[in-house]
Amino acid sequence: MKVTNLMEQIVEEVLDEQWHYLNVSCPCELCKNDILAVTLNALPPRYVAHDRGRVIVQARMMQEQMKADVLREIARAAGIVSTKPSHQ
Ligand SMILES: [Zn+2]
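The rules behind each value
- Residues numbered from 1 in each chain as written.
- Predicted model: local features only at pLDDT ≥ 70, side-chain atom pairs only at ≥ 80, totals over all residues.
- Heavy atoms only, no water.
- Helix = DSSP H or I, 4+ residues; strand = E, 2+ residues; numbered from the N terminus.
- Rg over C-alpha atoms; globule rule 2.2 N^0.38 Å.
- Buried < 20%, exposed > 50% of the residue type's maximum accessible area, 1.4 Å probe, protein only.
- Donors = N, O, S within 2.8 Å, 3.2 Å for Na, K, Ca; no water.
- Core = buried A, V, L, I, M, F, W, Y, C linked by side-chain atoms within 4.5 Å.
- Contact = heavy atoms within 4.5 Å.
- Phe/Tyr/Trp six-rings, centres within 6.5 Å; stacked < 30°, edge-to-face > 60°.
- Lys NZ or Arg CZ within 6 Å of the ring centre and 35° of its normal.
- Expected span 1.5 Å × (residues − 1).
- Salt bridge = Lys/Arg side-chain N within 4 Å of Asp/Glu carboxyl O.

Caption draft 1: Up close: the overall build of the protein. Check the secondary structure of the protein and you find 3 helices and 2 strands. Ordered by position from the N terminus, the helices and strands of the protein form the series β-α-α-β-α. A globule of 88 residues ought to have a C-alpha radius of gyration of about 12 Å, and the protein, at 13 Å, matches this closely. Summarising its shape, the C-alpha atoms of the protein cover approximately 40 × 25 × 20 Å along the three principal directions. Residues classed as buried in the protein amount to 35% of the 88 residues present.

Right, dumping it as structure tokens:
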């Protein structure tokens, strides 16, 4: 692992934080993962060279800056997955 996509960490964190406020029709792990994937596909990746301490600091800073965008995309993804879950 040489680089990290900060966006992945940020979306995972915000999704966990907001999970109970989202109106998802199915709260299983599969649907949660689908929401994560749909959200990440809609947002630009932010790669950083792997350096643990710095990555965490950058993730924190970016999360604040991008929270509105991330929240909007998570809500949109939750809507998509709720309407059409990938399982029965
Ligand atoms: Zn489900």
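Caption draft 2: Fine view of the environment of Arg-60. Here Arg-60 is to be found in helix H3 (residues 52–83). The spacing of Arg-60 and Gln-9 is 51 residues in sequence and 9.8 Å in space, taken between C-alpha atoms.

Caption draft 3: Structural view of the coordination of the zinc ion. Around the zinc ion, the protein contributes the donor atoms Cys-26 (SG), Cys-28 (SG), Cys-31 (SG) and His-87 (NE2), which lie 2.0 to 2.3 Å from the metal centre. Donor residues for the zinc ion, ordered by position in the chain, follow C-x1-C-x2-C-x55-H. In this pair, Cys-26 is assigned in the loop between helix H1 (6–18) and helix H2 (29–42) and His-87 in the segment after H3, connecting sequence segments 61 residues apart.

Caption draft 4: Spatial organisation of the nonpolar core. Counting 24 residues, the largest nonpolar core has Val-11, Leu-15, Leu-22, Ile-35, Val-70 and Ile-74 as the members making the most contacts within it. By residue number, the principal contributor to this core is H3, which donates 9 residues. Those residues within four positions of Ile-35 in sequence are excluded, and the remaining contacts are Leu-15, Trp-19, Val-24, Ile-74, Ala-77, Ala-78 and Val-81.

Caption draft 5: Geometry of the packing of aromatic side chains. Following the criterion strictly, the structure yields 0 aromatic pairs and no others. Lying over the aromatic face of Trp-19, Lys-32 brings its terminal NZ or CZ to 5.1 Å of the ring centre.

Caption draft 6: Region of interest: H2. End to end, H2 covers 20 Å across 14 residues, agreeing with the expected 20 Å (1.5 Å per residue, within 8%). Tucked into the core, H2 has its buried residues touching H1 and H3.

Caption draft 7: Molecular detail of the pattern of salt bridges. For the structure shown, the criterion picks out 6 salt bridges. Between Asp-69 and Arg-72 there is a salt bridge, with its nearest N and O atoms 3.3 Å apart. Here Asp-69 pairs with Arg-72, and both are found in helix H3, just 3 residues apart, close to one helical turn. You can call Asp-69 partly exposed: its relative accessible area is 31%.

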